[in-house]
Amino acid sequence: ASGGLSGIPLGRNTFMWHCMTVDEALSALHVEPALGLSEEEASARLAKFGHNELEDRGIKSPWAILWEQLTAVMVIILIIAAAISFLLGETTDGIAILAIVIVNAVLGLRQEYKAEKAMAALKQLAVPSVRVRRAGALVSVSARDLVPGDIVYLEAGSSIPADGRLIESANLQVEEAALTGESLPAEKSCDWTGAEATPLADRLNSVYMGTSVTYGRGALVVAETGMRTELGKIATMIQSVDRAPTPLQIRLDNLGKVLAVVALVLVGLIFVLGLWREGVGHLRELFLTSVSMAVAAVPEGLPAVVTIALALGAQRMLGRHALIRKLLAVEALGSVTVICSDKTGTLTENRMSVRSVVAGGAQFDLPIEKDAITRSPGVAIALSVGALCNDAQWSSTDKKSKVKAIGDPTETALCEGAAEAGFDKYHLESLMPRIAEAPFDSIRKRMATVHEVVTAGTPIWPGLPGESAPAFVTCVKGAVDGLLGVCDRILTESGVLAIGQEHIAETLRVNDSLSSQGMRVLGFAYAPLAERPSSMDAKDLESKLVFAGMMALNDPPRPEVRDAVALCKSAGIRPIMITGDHPLTAAHIGSELGLQAPGMGAVSGSELEAMSDVELRRAVREVTVFARVTPETKLDIVTALQNEGEIVAMTGDGVNDAPALRKANIGVAMGITGTDVSKGASDMILLDDNFATIVAAVAEGRTIYDNIRKFIRYLMTTNSAELWVMISAPFLGMPLPLLPLQILWMNLVTDGLPALALGVEPPERNVMRRPPVKSGDSLFAQGLGIHVFWVGLLMAVIALGAGWYYWLHEPAGSDGATRWQTMTFTILTLSQMAHVLAIRSGKDSLFTAGLWSNRPLMLAVIATILLQCALIYAPLLQGVFRMVPLSAWDMAVALVLSSAVFWAVEIEKAVLRRTANRGE
């Protein structure tokens, strides 16, 4: 879109600026680099284009978020339940339910509002002031006031204030990991021009807001500001992405709708049955009983149990280096079917490391044995040159401390690799101090240093002609192909030979082989000198060199990740790598970690962008390694996976990851290397940036989901038993067997205490040896609904059968209390305790799991039984709950009958175990 002030292409697609030469870009922006913009022109452009800042759009107000929290179906049912409890005079129950509602609403408000404020972190990436040429003078202006056409000067340490086209560059390197995912600084050149489809990470003539200069200097002409920058596009995506509800939110919402219908039906059914059996003389009691049963059908303790289980899970995850920002993310992790992981720092160690040294026709992998150094002098020289021709700073001279260098990642790796082989940089420089250098530049792609040998006469350079060391040595490192062109000799196992075509061909073959494995390969050469060089020019220093060898470096995989990947696969979870790194590097790491078969390549972001929707969905089903991706492509991958029905966990650390983190079902940010923007858009933060921590969090999430299902299994079974008893009794000619107060007692105490303790049940032994729960499955899937039906019916048959027998043989007490109602109530309570013990494990027997492996649950069961005994035998409570004391025989009968529920469930689990063993 062209037009605008002075013909400047307002909002021009930034894919086009890198296609222009310097002169074309300056012409399009109507600016002379020696003069810059005049103050009048800058003011006019500022008025037209606006300030160079990111805008907040559409952030929800706290009131809107609170309204969403309070209008969820389950919450509405709980509010109605609280109102009914107050109507029945059960003030304590009503207050407890309202407290649950308030706590959940406040937690939800706090978490979601913090997520909505992720934009604030983006704004902090803008620098406060920059050096700009205005009206021929170099002035300092606020980055907020930059406009297209401004000439901005850069140096090491500068933050890039806007998107721009370089017009000057001298050894310029820019850290772009936050935008591109590249683990190494990008070398920039103003002379480079590219094609329109060139990925962001490969645009060598352009720089972008939110990145920083690590080396060299340069100047840029501002092309885009504010929301039109690449950072601005990401900000727009963050604000436009709608978060998908977690699986638990969907399932609880569906459960709430079902229970709402059930509650209404029960009110009418029990009222009609009671009216049929009791007559119109008991209308008030019938109404209270009907409403009590409706309240019983709604598990008002569910939000409390879920919140407590999630909070305890979050605490356990914190101990395993995973910080949970949103409680619902804990459970959602258990439903994850795909983990999309960044490479650098998550799957790898985020540090360059020397993997191999090639010298004398042989390859030596680190750690290098001492006899290898003795056999091949080229190994010693290559390692020494790597440490000497190096600007990294050695952090310690203490041999007992861990070797560590500070500086460029590649140079620090060379220092540390040399030190591990016994060639300490500090010691080498004491023997051969640097006296001159020719710094690295992007044209030569080499660096040279000159060293004086202070221990002249000592043979510290094995393999050199002569018996003693030279007085001076030139050390050179750089790209292998370019370095071979300035070498006339090569160091072999037979000594120093004139370099021939066969040597060059073999060296380049090995170089290409290592590069195809995703390695960064550097060559090393030296020149012994009898006297100090007369010229320190790079051309003179880098001539007549002896090629010593090569080193292959990479960012090594974390040692624990391969096992974590294998565990993911055994758990039915597909791990996918999505990185901004080079496809060769990504493919090699993916194969090394077991993400894909050896020899398989990576699909690049440009290939994905050319795909149709159908092709993209096919690709995300089959491909496990994606490389050179853009923020838009990451978002497309996550969206395509979700459209395929996957529950996606997405990791990331950069600004470019934020839209995909927000879109994913679970956004996982890096705690060490992550930007504030990525953390603000995430649900969970990895404090150790480790992929294995995600897998551990998934196991924790599955455990929590299992425990929530156990709670629902327990509560819905016991509630269904109460409903069966209340509905069936009139058909046997019996009065309603449970009083409203007794129903509320079971709802509050008998259900509540054990249910809370189920939330801390230890994980099942097969928790990561089974596929994840299908996204479309309800909470009643996988046999839970059938269990609720038959076990609830069994409880009802036992309790009502005993009650019916006692009703036939026992007259009513003088105060209206009856033994048959007391027996029915007691057997139901004890049956619930038997049931909760039996369902602690989904398949294993209680005796295998261990009776006291969940101590809180055992204490809750004992406390519930003691409270039930208090109702039966304490005179004050007897009158309140209309109970009669039971004899020892009656209690024995109640215990024996209720234990039948325990044994029935144990038999069910034994059948399931046998069936599973046959299937295996």
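Residues numbered from 1 in each chain as written. Predicted model: local features only at pLDDT ≥ 70, side-chain atom pairs only at ≥ 80, totals over all residues. Heavy atoms only, no water.

A. Focus on the overall build of the protein chain. For the protein chain, the count of helices and strands is 35 helices and 26 strands. Counting all 920 residues of the protein chain, 55% fall into the buried class. Long-range pairs, those at least 24 residues apart, make up 73% of the contacts in the protein chain with a sequence separation of at least 6. (Helix = DSSP H or I, 4+ residues; strand = E, 2+ residues; numbered from the N terminus. Buried < 20%, exposed > 50% of the residue type's maximum accessible area, 1.4 Å probe, protein only. Contact = heavy atoms within 4.5 Å.)

B. Spotlight on the confidence of the model for the protein chain. The share of residues in the protein chain with pLDDT of 70 or more is 79%, and the mean pLDDT across the chain is 80. With pLDDT under 50 throughout, residues 397-401 is counted as low confidence; its partners more than four residues away or in other chains account for two contacts. Here residues 462-467 is a poorly scored stretch, pLDDT under 50, and it has ten contacts once near neighbours within four places are set aside; other chains count. (pLDDT = per-residue confidence, 0-100.)

C. Just the nonpolar core, in detail. One finds Leu333, Val336, Ile339, Ile666, Met684 and Phe691 to be the most contacted residues of the largest nonpolar core, which totals 103 residues. The next biggest cluster of nonpolar side chains, apart from the first, holds 38 residues, and it includes Val354, Ile368, Phe423 and Ala548. (Core = buried A, V, L, I, M, F, W, Y, C linked by side-chain atoms within 4.5 Å.)

D. Region of interest: the packing of aromatic side chains. Enumeration according to the criterion identifies five aromatic pairs in this entry. Ring geometry for Trp724 against Phe789: centres 5.9 Å apart, planes inclined by 75°, an arrangement best described as edge-to-face. You can see Trp724 sitting in helix α27 (residues 691-728) and its partner Phe789 sitting in helix α30 (residues 784-809), a full 65 residues away along the chain. For Trp724, a relative accessible area of 30% puts it in the partly exposed group. Accessibility expressed as a relative area gives 48% for Phe789, which makes it partly exposed. For the pair Phe847 and Trp903, a centre-to-centre distance of 6.4 Å together with 25° between the ring planes defines the contact as stacked. Of this pair, Phe847 sits in helix α32 (residues 846-849) while Trp903 sits in helix α35 (residues 888-919), and the two are 56 residues apart along the sequence. Look at Phe847 and you get exposed, because its relative accessible area is 57%. Here a set of aromatic residues connected by ring pairs shows up, and it is made of Phe847, Phe902 and Trp903. (Phe/Tyr/Trp six-rings, centres within 6.5 Å; stacked < 30°, edge-to-face > 60°.)

E. The arrangement of a nonpolar patch on the surface in detail. A cluster of nonpolar side chains, Ile79, Phe86, Ile95, Leu98, Ile102 and Val106, forms an exposed patch at the surface whose accessible area comes to about 500 Å². If you tally residues by element for the nonpolar patch, the top one is helix α5 (residues 91-116), at four residues. Tracing the backbone through its elements, the reader meets Phe86 in helix α4 (residues 73-87). Accessibility expressed as a relative area gives 36% for Phe86, which makes it partly exposed. (Patch = residues over 30% accessible without salt bridge, like charges linked within 9 Å, V, L, I, M, F, W, Y side chains within 5 Å. Areas by Shrake-Rupley, 256 points an atom, 1.4 Å probe, with all protein chains shown as cover. Salt bridge = Lys/Arg side-chain N within 4 Å of Asp/Glu carboxyl O.)

F. The pairing of strand β9 (residues 338-341), seen in detail. Burial along β9 is two-sided: Val338 and Cys340 facing one way and Ile339 and Ser341 facing the other are all buried. The pairing of β9 with strand β21 (residues 574-578) spans four bridges and is parallel. Opposite Val338, over in β21, you have Arg574 as the bridge partner. The pairing of β9 with strand β24 (residues 648-652) spans three bridges and is classified as parallel. (Pairing = 2+ DSSP bridges.)

G. How the structure looks around the environment of Ala99. Here Ala99 shows up in helix α5. Note: C-alpha distance between Ala99 and Ala82 (17 residues apart in sequence) is 9.8 Å.

H. Fine view of the side chain of Thr410. Of note, Thr410 is situated in helix α15 (residues 409-420). Assessed through its relative accessible area of 4%, Thr410 is described here as buried. A polar contact is formed between the side chain of Thr410 and the side chain of Arg520, at a distance of 2.6 Å. (Polar contact = N/O pair within 3.5 Å; in protein donor to acceptor, adjacent residues only side chain to side chain.)

I. Here's a closer look at unusual backbone geometry. Put simply, Leu366 and Pro367 share a cis peptide bond, and its omega is 0°. Structurally, the position occupied by Pro367 is in the loop between β11 (362-365) and α13 (370-375). Positive phi, close to 55°, is recorded for Ala135, a residue that is not glycine. Structurally, Ala135 is set in the loop between β1 (129-134) and β2 (137-142). We classify Ala135 as exposed; its relative accessible area is 55%.

J. Quick peek at the environment of His51. By the element assignment, His51 lies in the loop between α2 (39-49) and α3 (62-70). Each C-alpha atom, one on His51 and one on Met227, is 9.5 Å from the other, the two residues being 176 residues apart in sequence. Beyond its immediate chain neighbours, meaning those up to four positions away, His51 contacts Leu46, Arg144, Asp145 and Gly226. Within polar-contact distance, the side chain of His51 engages the side chain of Asp145 at 3.3 Å.

K. Expanded view of the sheet that holds strand β23 (residues 625-627). In spatial order, the strands read β8-β26-β25-β24-β9-β21-β23-β22; together these eight strands make up an open sheet with mixed pairing. Across the chains shown, the open sheet's two edge strands, defined by having one partner strand only, are β8 (322-324) and β22 (603-604). Two elements, strand β25 (residues 666-670) and strand β26 (residues 684-686), share three bridges in a ladder whose sense is parallel. From the neighbouring strand, Ala669 faces β26, where its bridge partner is Ile685. On the sheet, helix α21 (residues 583-592) packs against β21 and β23 and is oriented at approximately 160° with respect to β23. Here helix α24 (residues 631-643) sits on the sheet and contacts β9, β21, β23 and β24; the angle it forms with β24, its principal contact strand, is near 165°. (Axes fitted to C-alpha atoms, helices over the stretch in contact; angles between N-to-C directions.)

L. Representation of the pattern of salt bridges within the structure. Under the counting rule described, the total for this entry stands at 28 salt bridges. Among the ionic pairs, Arg509 bridges to Glu506, the shortest N-O distance being 2.7 Å. Remark: Glu506 and Arg509 occur in helix α18 (residues 501-516); sequence separation between them is three residues, near one turn of the helix. For Arg509, a relative accessible area of 48% gives the class partly exposed. Residue Glu506 is classed as partly exposed on the basis of its relative accessible area of 39%. In this structure, the salt-bridge partner of Glu761 is Arg840, at a minimum N-O distance of 3.0 Å. Here Glu761 is found in the loop between α29 (752-758) and α30, whereas its partner Arg840 is found in the loop between α31 (819-838) and α32, with 79 residues between them in sequence.

M. Representation of α15 in the model. Its twelve residues give α15 an end-to-end C-alpha distance of 16 Å, which sits within 8% of 16 Å, the value for a rise of 1.5 Å per residue. Most of α15 sits out of view: ten of its twelve residues are buried. Among the residues of α15, Thr410, Glu411, Thr412, Ala413, Leu414, Cys415, Glu416, Gly417, Ala418 and Ala419 are the ones counted as buried. Phi for Gly422, located one or two positions after α15, is positive at around 100°. (Expected span 1.5 Å × (residues − 1).)

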